[in-house]
Amino acid sequence: MPDPHDPLALAAAADTGDAAAAHRLAVLTAIGLGLPKDWPGALGRLEQAARLGHPTAGQQLALLSGPAGIDLTAWLTAPAPRSLSPGPAIFAIEGFLPDGVCDWLRNRAAAMTEPALVYDPETGGGRREGARTNAAAQFTLEHMDVVLAVVRERIARAAGLPVPGLEWTQVLHYAVGQSFDWHVDWLDPALPGYAADLAGRGQRIATCLVFLNDDFEGGETAFEAGDLRHRGRKGDALLWANTLPDGSIDRRTRHAGLPPVSGEKWVLSQWLRGRAPNG
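Being a predicted model, the structure only gives us computed values, none of them experimental.

**Describing the overall build of the protein**
So, point 1. If you tally the helices and strands in the protein, you get eight helices and 16 strands.
So, point 2. Expected size for 279 residues packed as a compact globule is a radius of gyration near 19 Å; at 19 Å, the protein falls within 12% of this value.
So, point 3. Over its C-alpha atoms, taken along the principal directions, the protein stretches across nearly 55 × 40 × 35 Å.
So, point 4. With 279 residues in all, the protein has 49% of them scored as buried.
So, point 5. Considering only contacts within the protein whose residues lie at least 6 apart along the sequence, 71% involve residues at least 24 apart.
So, point 6. Surface exposure of the protein reaches about 12,200 Å², of which carbon and sulfur atoms provide 54%.
So, point 7. Computing the positive centroid from 25 side-chain charges and the negative centroid from 32, the protein places the two 2 Å apart.

Quick look at the structure:
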């Protein structure tokens, strides 16, 4: 395959029968990287990739299709949220993703999971810490597909935030007894180690979780504020604001991923910033 970041080279390769190049071009077109975002164009390239024999393009088209084909308007319009708390701002969104997409994301993540990390302000990367014992799979650009691009767009629209401000999506896995102890998602502006990240990308304005299964017991997402415990059904989303309307951090958003007592918990986790890196 040609340079995976060069749309012109990818287009030339796709038009001469390269299925991988056609799929890569579909992803870049869906997320607007290196060329304007174009959802019909992305689907057209995905169809091309399927015709050329790409191993997952046909499955992705099937997942996105309904009785009348692919309804982009429906996919890009999130269901209405339901408030769970007046402060902090926490919302449940029932039926956010269909079961087939949940299974797709969970199955893809299962082959990629590693011990989950916490944010290291010294390096800007991740580090192991005893407060977090679950596993995670991170979907970087290399792992993106069109289905995930649609999911990310749907999340951004539900939150009212720009897609370029989304961090790389993670899928989290909790076995019995595994947890992510009490923590916050916002980056503390009082800590010098966060200064460069905050200057480059802005604050983590919101967090979205999507429950990819529900055949487990326990495993609630818990908030200290109001002693809230929430466990959605498969396909439901949980969305909350990490900042107040004036842009300052909301310290009431301390929360935890509690351990399952039976079964396994799979959840998509998405942090949303206000802008793209250095944007």
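Moving on from the coordinates now.
**Quick look at the sheet that holds strand β6 (residues 135-139)**
So, point 1. Taken in spatial order, the eight strands make up an open sheet running β1-β2-β13-β9-β16-β7-β6-β3, and their pairing is antiparallel. Unpaired on one side and paired on the other, β1 (82-85) and β3 (114-115) mark the two borders of the sheet.
So, point 2. The pairing of strand β2 (residues 90-93) with strand β13 (residues 237-241) spans four bridges and is classified as antiparallel. By the bridge assignment, I90 is partnered in β13 with W240.
So, point 3. Packing against the sheet, helix α7 (residues 146-159) makes contact with β2, β6, β7 (169-174), β9 (204-211), β13 and β16 (265-273), and its axis sits at approximately 60 degrees to β16.

Rules behind the numbers
Residues numbered from 1 in each chain as written. Predicted model: local features only at pLDDT ≥ 70, side-chain atom pairs only at ≥ 80, totals over all residues. Heavy atoms only, no water. Helix = DSSP H or I, 4+ residues; strand = E, 2+ residues; numbered from the N terminus. Rg over C-alpha atoms; globule rule 2.2 N^0.38 Å. Buried < 20%, exposed > 50% of the residue type's maximum accessible area, 1.4 Å probe, protein only. Contact = heavy atoms within 4.5 Å. Areas by Shrake-Rupley, 256 points an atom, 1.4 Å probe, with all protein chains shown as cover. Lys, Arg positive; Asp, Glu negative; His and termini not counted. Charge placed at Lys NZ, Arg CZ, Asp CG, Glu CD. Pairing = 2+ DSSP bridges. Axes fitted to C-alpha atoms, helices over the stretch in contact; angles between N-to-C directions.

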